[in-house]
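Next come the chains, spelled out residue by residue.
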Amino acid sequence: MENKNNEEIKDWKFFDKIVVVKNEEEQKVLVNGKEYMRWSVEDQAGPRMAIVQLYKCGVANQEELSKIFGIHNKTVYNYITTFETGGISSLVGETKGPKESWKITSEVRYLILDIAFRNRDISCERISELLLQRWKKKISKNSIREVLLENGFIKEEIRKEDGTTSIEGDLFKENVNGELELEYYIEEGESEKTSVWEGEHKKEKGIEREKEVVKNKDRSNYSVAQRIYLDQIERASLGFQIEKGEYNTYAGGLLFAPLLMKYNFLPTIKRVIDIDTHEGYNLEEFCLTLFYYDIFGFNSIENFKTVYPEEFGILIGKLSSPGIWALRQFLHKVRKLKKGEKLIEEFAKEYLKNGLVKFGVLYIDGQFWPYHGIQEINMGYDTVRDKTMKGSYNFIAVDEKFNPVIFLVRASSEDLLDKISEIINKVREIAKQIGIDSKELIVIFDREGYCAELFRILDCENVGETVTHTRVDEKVKFISWAKYADQWVYEFSEEEFKNTATVKYEIQKSEEIK
C-alpha cells in the first residue's frame, strides 16, 4: 500500500490539509491524509461536487479551492451558487459540450446542404474543409456524410436480408413516353375501400391494412429519406391525415408547375440556350427563377433583394433562390450567346403547336422602351413622355384574342414600316414548320404603317427594284387606320354607306354597323 501511494505522489499538489491525486483512470481528494472522495477522470461532475462539499463542510475557502483544483476563483463561486439554487442535478447538467450529435445544428445542416446543392460532385472531405475555412466550423466527414444520406445526396450500397447488395434506386423513373412516374403501391380498388373511415372498427382495419401493404413491398433500393416520403404517400392514400406543411409566401406559384410541364416551358428554352451549371444553379433553375420573378411582380433585378430566399427556393427545387449577382451573371452569359430572337421564334412555334395562340389574324404595333442605363445607345421618340430619349422599340404581334405570338426588340433607328413585313415572314415560316396553311393571313396595324410603298409590298403588285422595305413572299390581306382621313372622309354623305357589317363579341351581343 505504501509503494502504491509513493507512485501516485509524483504529480500530487500538496497543501496543508487537502491533496488532489490524479492518474490515468481516476482522480481523488485526500483530506488530512485520508481519502475523502474519488471519481473517474472522464466524470466532469465529480470535481464540481468535491469543490462544493469541501467548501460547505468548511474544509477550505473559495480561494484555496481554486488553487488546489487549478481553476479560476469565479468558477468555484459559480459551482457553489449553482448547487445552492438547483442541487446536485444542476451541477451534473452543466457538462461541457457540445456532444458530437449537437454539432449538426440547423445552421450547420443548412450550410452542408447549400454547399452540396451548389457543387453536385463535391466530396465530404472538401465540404469539411470549406466549413472550416469559411465559417470556422470543424465537422467530421462522417457527420457530413450522414446529413447527405438523410437528404438523398448520396446513393449508398444497400445490403439485403438475403446477403445480396444493390445500389439505391431513384424514386421517380422515366417511362416509355419520357415522363417521370412513381411506382404506386396500393392495389386496384383499395382507395374505394379505405378512402373514408366511419367508426373505430374501420380505422383499426385500415391500420392493419396499411401495415400489410407496407410489409409486402420491397423498398431495399431506397434511401431512408425516400422511404419516409413513400410512407407519407401510402398513408394519405389509405385515408390518414398527414401532417400539415409550413407557411410559404410563394406557395401559390406551384400552381403553375403543371402548366409549365404541359406547355414545355423548360424543354423549349433548352433547345436554344445551352449553359452549364453556374454558381451552383443549372439552366432550368435559373429559368424558373426568372419565370416566378415575373409572376410575383419583382420589377427589377435590384428589387429581387427583397425576396425570401428560403421560401422562394422551393419553387425551383433548391434550399434558396439565387442572389442578384448570380442572376446578372447568368443573363450576361445568355446575352453573349445572341440567341434571343431564335428563342422567341421557338416559343412562337410552341404556342401555335399547342393552340395557345391562333393563326389567321395578326395585330402588329410598336412601343418605345426608354433606357436609363449608362450605355450609349440610339435616341428615339417616346410618345408617352412626348420627348426624345435613349431607348429601343418593341415590335409585337398578337392574335385576334390579343395573345402574344411573336415580338422583336430592335434599335430605335428602326421603324414599324419595315418590321411589319419581317414579322409576317417570320410567322408564316413558323406556321409552315408545324404544318399550318400560311396563305390565309389578315394583318392589322395603325397609322404608323400607313404607306403606299408598304401597301404595294403587301399586295405583291408593282414592287420595283428600288423598294427599301422588306418584301413578303405571298400576298397579305391588311387593314390599316387611314392617315389624314379627316381631310376627305366627311366628303361622303351618310346615305352613300349602303352596306353593313356585323361585329361579334364574346361577352356581349353582336352589333350591326354601316
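The following refers to the structure shown. All of these numbers come straight from a predicted model, not from anything done at the bench. (Residues numbered from 1 in each chain as written. Predicted model: local features only at pLDDT ≥ 70, side-chain atom pairs only at ≥ 80, totals over all residues. Heavy atoms only, no water.)

1. Some details on the overall build of the protein chain
- Across its full length, the protein chain carries 19 helices and 16 strands.
- Relative to all contacts within the protein chain whose residues are 6 or more apart in sequence, the contacts with residues 24 or more apart total 52%.
- Counting every atom, the protein chain has about 34,100 Å² of accessible surface; 50% of that belongs to carbon and sulfur. (Helix = DSSP H or I, 4+ residues; strand = E, 2+ residues; numbered from the N terminus. Contact = heavy atoms within 4.5 Å. Areas by Shrake-Rupley, 256 points an atom, 1.4 Å probe, with all protein chains shown as cover.)

2. Section: helix α6 (residues 106-118)
- For α6, spanning 13 residues, the distance from its first C-alpha to its last is 18 Å, which sits close to the expected 18 Å at 1.5 Å a residue.
- Burial in α6 covers these residues: Val108, Leu111, Ile112, Leu113, Asp114, Ile115, Ala116 and Phe117.
- On its buried face, α6 sits against α7 (124-135) and α8 (141-150). (Expected span 1.5 Å × (residues − 1). Buried < 20%, exposed > 50% of the residue type's maximum accessible area, 1.4 Å probe, protein only.)

3. Some thoughts on helix α3 (residues 62-69)
- Within α3 the residues assigned to the buried category are Gln62, Leu65, Ser66, Ile68 and Phe69. For α3, the buried positions fall inside an angular range of 165° around the axis, keeping them on one side.
- The N-terminus of α3 is capped by Asn61, whose side-chain oxygen sits 3.3 Å from the backbone nitrogen of Glu63.
- Following α3 by one or two positions, Gly70 adopts a phi angle in the positive range, close to 70°. (Arc of directions from axis to C-beta. Polar contact = N/O pair within 3.5 Å; in protein donor to acceptor, adjacent residues only side chain to side chain.)

4. Digging into the pairing of strand β4 (residues 34-40)
- Here strand β3 (residues 26-31) pairs with β4 via six bridges, running antiparallel. Of the residues in β4, the one forming a bridge with Gln27 is Trp39.
- Connecting β3 to the antiparallel partner β4 that follows it, the hairpin turn spans two residues, and Asn32 within it adopts a positive phi of roughly 55°. (Pairing = 2+ DSSP bridges.)

5. What about unusual backbone geometry?
- The phi torsion at Lys136 lies on the positive side, around 60°, for a residue other than glycine.
- The topology assignment puts Lys136 in the loop between α7 and α8.

6. So, the packing of helix α14 (residues 283-295) against helix α16 (residues 324-337)
- In contact at an axis separation of 11 Å, α14 and α16 are set at 110° when each is read in the N-to-C sense. Relative to α16, the element α14 lies roughly perpendicular. In this structure, α14 uses Leu283, Phe286, Cys287, Thr289 and Leu290 to contact α16, whose residues at the interface are Ala326, Leu327, Phe330 and Leu331.
- Broken down by class, the residue content of the contact of α14 with α16 amounts to eight nonpolar, one polar and no charged. (Axes fitted to C-alpha atoms, helices over the stretch in contact; angles between N-to-C directions. Parallel < 35°, antiparallel > 145°, perpendicular 65-115°, else oblique. Nonpolar A, V, L, I, M, F, W, Y, C, P; charged D, E, K, R; others polar.)

7. A few points about the packing of α3 against helix α4 (residues 73-86)
- Two elements in contact, α3 and α4, have axes separated by 8 Å at closest approach and are oriented at 110°. In terms of their interaxial angle, α3 and α4 are classed as roughly perpendicular. Note that α3 runs across α4; the crossing there is right-handed. Only Asn73, Val76, Tyr77 and Ile80 of α4 make contact with α3, whose side of the interface consists of Gln62, Glu63, Leu65 and Ser66.
- For the contact of α3 with α4, the per-class residue count stands at four nonpolar, three polar and one charged. (Left-handed = near helix turned anticlockwise from the far one by under 90°.)

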